[in-house]
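Below, each chain spelled out in residue letters.
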Amino acid sequence: MARITTGVATSHVPAIGAAIDNQKTGTDYWRPLFAGYEPSKRWIAANTPDVVILVYNDHASAFSLDIVPTFAIGCADHYAPADEGWGPRPVPTVEGHPELAAHVTQSVIEQDFDLTIVNRMDVDHGLTVPLSLLFGQPKAWPVKVIPLAVNVVLYPPPSGRRCFELGKAIRRAVESFDEDLRVQVWGTGGMSHQLQGPRAGLINSPWDNAFLDRLIEDPDGLSRVPHLEYLREAGSEAIELVMWLTMRGALDDRVAVLHRFYHVPASNTAVGHLILESAP
């Protein structure tokens, strides 16, 4: 039986990818951020899963405003790094797991979640930066990845509650797969940031850390927070944090915190990171 016992949450700031790709991780500006991920790199090396279901948002690489699926699951056997306007990142091709992806798709749709099935797409920094943060710069990614793209770009995005319940449905789907696989769910995006308008550059560290507390201790209550609070307290792009609730929904009610990290700033964004394990 496949199983999910751990989850990862992390920001996916594009400037982080640029710092890695251009060998800037040791500079005074970037060193503190990457130091916060060193424990995670050691942990993942000792606990490498077979498959990561990686929840992220596409940034007009696979989709455009012409077609914006609320939830889209990748069922292909591989995904190329996207060209986001300055060439693809120099990272390995992402290998998929079509069999598990197809099973999750059928199971989740039968649980009344309508997923868009994607058989060909490129993946941008929303997916590749988290992989780089945890795995560094390998010649090949050591895990297979099922991309799960969530619309947090065009209003209306899904609610935190919907994302939380989707995580529960994904766990049920994975546990009904008859191959023995270690699966992790990663939620990416956030934390507080706004990229435009008079509040551009907004960072709300107290709100961010309260969000981390509630994600650990009160995910059910956190899942009921309305969109307006994310926008008002943490900026327009902080709505990405609903994707972390998908990861949290895939774990038990009680979790142990294996690593927690928060850093300001990375570019004009607050960075948060958690590794959680279902409590025995």
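These lines cover the structure that appears in this document, whether it is placed above or below. (Residues numbered from 1 in each chain as written. Predicted model: local features only at pLDDT ≥ 70, side-chain atom pairs only at ≥ 80, totals over all residues. Heavy atoms only, no water.)

Quick notes on the packing of helix H7 (residues 205-217) against helix H10 (residues 242-249)
Packed helix pairs are specified by the crossing angle of their axes together with the interaxial distance, meaning the distance between the axes. Running from N to C, H7 and H10 cross one another at 25°; their axes reach a closest spacing of 10 Å. Between H7 and H10, the angle is such that the two are roughly parallel. The chirality of how H7 crosses H10 is right-handed. Listed contacts from H10 to Phe211, Leu212, Leu215 and Ile216 of H7 are Trp244, Leu245, Met247 and Arg248. Here the contact of H7 with H10 is built from residues that sort into 7 nonpolar, no polar and 1 charged. (Axes fitted to C-alpha atoms, helices over the stretch in contact; angles between N-to-C directions. Helix = DSSP H or I, 4+ residues; strand = E, 2+ residues; numbered from the N terminus. Parallel < 35°, antiparallel > 145°, perpendicular 65-115°, else oblique. Left-handed = near helix turned anticlockwise from the far one by under 90°. Contact = heavy atoms within 4.5 Å. Nonpolar A, V, L, I, M, F, W, Y, C, P; charged D, E, K, R; others polar.)

Side note on helix H5 (residues 125-135)
For H5, the tally of buried residues reaches 11 of 11 residues, placing the bulk of the element in the interior. Within the sequence span of H5, burial applies to His125, Gly126, Leu127, Thr128, Val129, Pro130, Leu131, Ser132, Leu133, Leu134 and Phe135. For H5, the side-chain oxygen to backbone nitrogen distance between the N-cap and Gly126 is 2.9 Å, and the N-cap itself is Asp124. Just past H5, the residue Gly136 takes up positive phi, approximately 75°. (Buried < 20%, exposed > 50% of the residue type's maximum accessible area, 1.4 Å probe, protein only. Polar contact = N/O pair within 3.5 Å; in protein donor to acceptor, adjacent residues only side chain to side chain.)

Describing the sheet that holds strand S3 (residues 71-74)
Strand order in the open sheet made by the 8 strands is S6-S3-S7-S2-S8-S1-S10-S9, with mixed pairing throughout. Of all strands in the sheet, those bounded by a partner on one side alone are strand S6 (116-118) and strand S9 (255-266). On average, adjacent strands in this sheet sit at an angle of 20° to one another, irrespective of strand direction. Its contacts with the sheet put H7 on S9 and strand S10 (269-278), and the angle it makes with S9 is roughly 165°. (Pairing = 2+ DSSP bridges.)

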